[in-house]
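What follows is each chain in one-letter form.
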Amino acid sequence: PVSNSYTPGEVTAPQTIDEPTKRLRVSVAGAVTSPGVYEFDTGDRVSDAVRAAGGVLEYADVSDINQAATLVDSSTLAIPHSGRAAIEDGNRMVLRAGESAALINPKEYTISGWAGRKPVQTSTATSPSVPDAAPDATKSDGPIDLNSATVEELETLPGVGPKTAIAIIQYREKQPFQTIEDLDNVPGIGEKKLEDLRPHVRVGGQ
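Predicted, not measured: the structure shown is a model, and the values here were computed from it.

(A) A look at the overall build of the protein. What the protein contains, in helices and strands, is 6 helices and 5 strands. Traced from its N-terminal end to its C-terminal end, the protein shows the element sequence β-β-α-β-α-α-β-α-α-α-β. Residues counted as buried form 33% of the 206 residues belonging to the protein. Once local pairs closer than 6 in sequence are excluded, the contacts in the protein between residues at least 24 apart make up 50%. With an accessible surface of roughly 13,300 Å², the protein has 52% of that area assigned to carbon and sulfur atoms.

The following block contains the structure:
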């Protein structure tokens, strides 16, 4: 015979297994005390990475570093040097003195990178209160002057992103463009990209 009776006992709640916190690995390089690859928790900031690497050196240039940015897994945070050349020392990343942080870091890690981001269109509905001409505000009616164009204007050119746009401006600050062919001297622009850009740019009255 089968008995339907039972003796009540202590009831235990089902055990839950906590998922391990995801860890990020970020390389910290440049003008820091202890360059290397460090582990961080999800949500840690650039300031945490700088602190993990022992802080910045006295000749570090952090003027364009976004210390509040959230760290990205498998990325490199490079702190540029200012006023003196870097010294090659073991696994230290050698950076040129005064090299722009925006050229050697992910966009999120620099102030200029965040500032240069274009607004994201979140609404799919057409609103009559928004002028149709607004998205075309950065477009030019003709070729862009290489010696006066802003970063935003240069980014409208085919194949030109934030890094290349900044490289063009840095080049002209040292030596104004004399001809369009001078673009071939800018890092990141080769012969093919130069031909793509030729119809869209000019130098002075050209």
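(B) Seen up close, the pairing of strand 1 (residues 23-30). Where strand 1 lies against strand 2 (residues 36-41), 6 bridges are found, and the strand directions are antiparallel. Bridge assignment links R25 to a residue of strand 2, and that residue is E39. Taken together, strand 1 and the strand that follows it, strand 2, pair antiparallel across an intervening segment of 5 residues.

(C) Here's a closer look at the packing of aromatic side chains. Taken as a whole, this structure holds 1 aromatic pair when the rule is applied. For the ring pair Y171 and F177, a centre distance of 4.9 Å and an interplane angle of 40° mean the geometry is tilted. Summarising the burial analysis for this pair, Y171 and F177 share the class buried.

(D) Representation of the pattern of salt bridges in the model. Scanning all chains against the criterion turns up 7 salt bridges. In this structure, R23 and E39 form a salt bridge, with 3.5 Å as the shortest nitrogen-oxygen distance. Taken together, the positions of R23 in strand 1 and E39 in strand 2 put the pair 16 residues apart, joining distant regions of the chain. Of the residues examined, E39 reaches a relative accessible area of 41% and is grouped as partly exposed. Close ionic contact of R198 with E195 constitutes a salt bridge, the shortest N to O distance being 3.0 Å. For R198, a relative accessible area of 28% translates into the label partly exposed. Each of R23, R25, E39 and D41 takes part in a single network of salt bridges with overlapping partners.

(E) Quick peek at the sheet that holds strand 3 (residues 76-79). One open sheet holds the 3 strands; their spatial order is 2-1-3, and the pairing between them is mixed. A strand with exactly one partner marks an edge of an open sheet, and here the two such strands are strand 2 and strand 3. When the angles between neighbouring strand axes are averaged without regard to direction, this sheet yields 30°.

Reading guide: rules and limits
- Residues numbered from 1 in each chain as written.
- Predicted model: local features only at pLDDT ≥ 70, side-chain atom pairs only at ≥ 80, totals over all residues.
- Heavy atoms only, no water.
- Helix = DSSP H or I, 4+ residues; strand = E, 2+ residues; numbered from the N terminus.
- Buried < 20%, exposed > 50% of the residue type's maximum accessible area, 1.4 Å probe, protein only.
- Contact = heavy atoms within 4.5 Å.
- Areas by Shrake-Rupley, 256 points an atom, 1.4 Å probe, with all protein chains shown as cover.
- Pairing = 2+ DSSP bridges.
- Phe/Tyr/Trp six-rings, centres within 6.5 Å; stacked < 30°, edge-to-face > 60°.
- Salt bridge = Lys/Arg side-chain N within 4 Å of Asp/Glu carboxyl O.
- Axes fitted to C-alpha atoms, helices over the stretch in contact; angles between N-to-C directions.

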